[in-house]
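# Geometric and topological summary
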Amino acid sequence: MQKIYKSDLFVIFMILIVFCVITPFFFLHQGLFLIDTGREFYLSQQVLKGGVLYKNIFNIYGPFSYQFNALLFMIFGEKINTLYVTGIINSIVIVIFMYLISREFLNKSFSALFAFITMFSLVFPVFLFNSVITYSSGLIYALSSLLISVLFLLKYLKSDKYYFAYYASLFCGLSILNKYEFILYPIVLLYSLCFVKPIGYKKFIKSLCFFMVFPIISFGILFLQGLDFKDLFYAFKLMIIMACSNSMSDFYSRYGNFFNPARYLSLILKNPVFALIGLIPVINIILTTIFFKKIYQDKIFFVFCLIA
């Protein structure tokens, strides 16, 4: 019995208990339907009704999330609860895999702490940026896919089981398909499979095939629906025009997404505590640079630092 209490399964079970106890207090009290959240429901609904992404539905994100949500609508009905419950399940995946990835380097207590920090900072905020009803379903699907891929990659680097590399590639492809901002992660995956622990030519080709599974299925469906490369090019052109517009530049600079020194200073002075937290990635880069030689000696930890 004592072994059960000390096992990872018991810790994961306790994390799930806390998650389930807290969830009812936030149920349907998250997201802003008048801003981006409503778009996620509307575009998924239009896909269900036969609309084609990038052809007659303008979309700046990857296609998978809207296709997947449309499928959920078809199975469970066009209801808010359909995507809300899906968001809860996906959030559980994010929290649990944060714990499992942490366990590759830390003890159970610190790993559980990371899981709880993720839970209260990402899952349960009531504003726009949460992982249940969020501004972009693609982002939360991309994040869960990324974490799954990272865990499998770490497992591959620590073992001789090649199927971990295949799974890492599969979920890497799904992550990129959801949110193109994760495009740097495949470079780390490629580096790991070619240099950190070479997988071999044939197995590398197999990993590449796994990587392409979800993109081929997703875009294959779009092309079968009537999308062509001319439509894709035009949609991409519209995205560039939108991103370069004065209104978008002004909007995103006010929230720190576009670099504007004066606005950054204003944000930091207005929210010094949050600004300090926001600098953690920069601090990570500085510390990695300072201790590069020591970190590089541990190849697995080095790969993890590259991903971070």
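Summarised in this report is the structure supplied together with it. It should be emphasised that the depicted structure is a prediction, and the values quoted were computed from it without experimental measurement. Per chain, residue numbering runs from 1 following the sequence as it is written. pLDDT decides what is reported in this predicted model: residues at 70 or higher carry local features, side-chain atom pairs at 80 or more are listed and counted, and totals for whole chains, interfaces and linings draw on all residues regardless. Here the side-chain values reflect all heavy atoms present in the structure, with hydrogen atoms and water set aside.

## Digging into the packing of aromatic side chains
- Aromatic pairing here means that ring centres of Phe, Tyr or Trp (its six-membered ring) are within 6.5 Å. Orientation follows from the plane angle: under 30 degrees is stacked, over 60 is edge-to-face, and everything else is tilted. Taken as a whole, this structure holds 26 aromatic pairs when the rule is applied.
- Between phenylalanine 41 and phenylalanine 73 the ring centres are 6.4 Å apart and the planes differ by 40°, which places this aromatic pair in the tilted class. Of this pair, phenylalanine 41 sits in helix H3 (residues 36-48) while phenylalanine 73 is found in helix H4 (residues 64-76), placing the two residues 32 residues apart along the sequence. One exposure class covers both phenylalanine 41 and phenylalanine 73, and it is buried.
- Through pairs of rings, three or more aromatic residues link up here, namely Phe152, Tyr163, Phe164, Tyr167 and Phe171.
- Between lysine 197 and the ring centre of tyrosine 156, over which it is positioned, the NZ or CZ distance is 4.8 Å.
- The criterion is that NZ of a Lys, or CZ of an Arg, lies within 6 Å of the ring centre and within 35 degrees of the ring normal, and then a charge sits over that ring. The ring of tyrosine 162 has lysine 203 sitting right over it, with the charged end atom 4.7 Å from the ring centre. Secondary structure follows DSSP: runs of H or I at least 4 residues long count as helices, runs of E at least 2 residues long count as strands, and numbering of each begins at the N terminus. The cut-offs for exposure are 20% and 50% of the maximum accessible area for each residue type, with area from a 1.4 Å probe on protein chains only; residues under the lower value are buried, those over the upper are exposed, and the others partly exposed.

## Notes on the nonpolar core
- Membership of the largest hydrophobic core comes to 28 residues, with the highest contact counts inside it found for Leu153, Tyr156, Tyr185 and Leu189.
- Listing elements by their share of this core, those giving two or more residues are helix H5 (80-103), helix H7 (137-158), helix H8 (163-178), helix H9 (185-196) and helix H17 (299-307).
- No other element matches H7, which puts 11 residues into this core.
- Counting residues in each nonpolar core, the second largest holds 23 residues, with Ile88, Val123, Val132 and Ile133 among its members. By nonpolar core is meant a set of buried Ala, Val, Leu, Ile, Met, Phe, Trp, Tyr and Cys residues that side-chain atoms within 4.5 Å join together.

## Examining the pattern of salt bridges
- A pairing counts as a salt bridge when a side-chain nitrogen of Lys or Arg comes within 4 Å of a carboxyl oxygen of Asp or Glu. In total, this model carries eight salt bridges according to the counting rule given.
- Residues arginine 39 and glutamate 40 are paired through a salt bridge, measuring 2.7 Å at the closest nitrogen-oxygen approach.
- Given the relative accessible area of 22%, arginine 39 is considered partly exposed.
- For the salt bridge of glutamate 104 with lysine 158, the shortest nitrogen-to-oxygen distance reads 3.1 Å. Taken as a pair, glutamate 104 in the loop between H5 and helix H6 (108-123) and lysine 158 in helix H7 lie far apart in primary sequence, 54 residues in all.

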